[in-house]
Amino acid sequence: MLELRQTFTADHAIDLADAHDVSILATVFPRTKATPVQPERVDLELPGWIWGSMAACYGLFFGGLFAASGHDGEAIFAIVISLGYAAMYFGTASILFGMNPPRQPSAFVRRLAPLQTWTGPMDTLAVAAQVLTVPACLAFFGLAAAVIRAAVIG
C-alpha cells in the first residue's frame, strides 16, 4: 500500500490512501465539461515561393561548398552526407504533407489575411524574413567560400 498522500483540489483537500483505486480518482476529479479541441490544420500556411526560396538557398549553399572544397574525397563525402540529410528533411515533410493535402490554401497563402502566430499576426514580408534568414545566410556563406577559393587558387 502506498503512503498516505494529500491531494488538494480547488474546493477541498482529499486523502487518497490507495492510488490504484481508479473509481476514487474518477469521483474526486470529475470531468465537468468537455475541453475544447483545436481543429487539425493540415495546411503549412506558407506560400510555395517561400519553400522554393528555401530550397534554392540550400542549393546555393551546397553548390558553393562543393565549388570551394569539392576537390577532396573526404569533403565530397561530407557534402553528400549533408545533402542526404537535407533531402530527408524536405522529402519527409513533402511526403507527409502529400498524404493529406489541404482542401483549400490558407487565407495567408491567398493573401486574404496575415499569418496568425503565437506572438500575433505577421504579414508576408515579416514571415519571409523570419523563415528565410538562416537559409539566406547559409547561401551567402557557401557562395563566399566559393569566391574565396576561386580568388586564392585563381
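Residues numbered from 1 in each chain as written. Predicted model: local features only at pLDDT ≥ 70, side-chain atom pairs only at ≥ 80, totals over all residues. Heavy atoms only, no water.

Turning next to unusual backbone geometry. Even without being glycine, R111 reaches a positive phi, approximately 60°. On the secondary structure map, R111 appears in the loop between α3 (73-99) and β3 (115-117). (Helix = DSSP H or I, 4+ residues; strand = E, 2+ residues; numbered from the N terminus.)

Here we come to the packing of aromatic side chains. For the coordinates displayed, the defined rule picks out four aromatic pairs. Look at Y58 and F90: their rings are 5.8 Å apart centre to centre, the planes differ by 65°, and that puts the pair in the edge-to-face class. On the criterion of sequence distance, the pair formed by Y58 in helix α2 (residues 48-69) and F90 in helix α3 is long-range, its members being 32 residues apart. Residue F90 is classed as partly exposed on the basis of its relative accessible area, which comes to 23%. On the numbers, 5.1 Å between centres and 80° between planes, the contact of Y89 with F90 is edge-to-face. Taken together, the ring pairs connect Y58, Y89 and F90 into an aromatic cluster. (Phe/Tyr/Trp six-rings, centres within 6.5 Å; stacked < 30°, edge-to-face > 60°. Buried < 20%, exposed > 50% of the residue type's maximum accessible area, 1.4 Å probe, protein only.)

What is shown is where atoms sit, not what they do.
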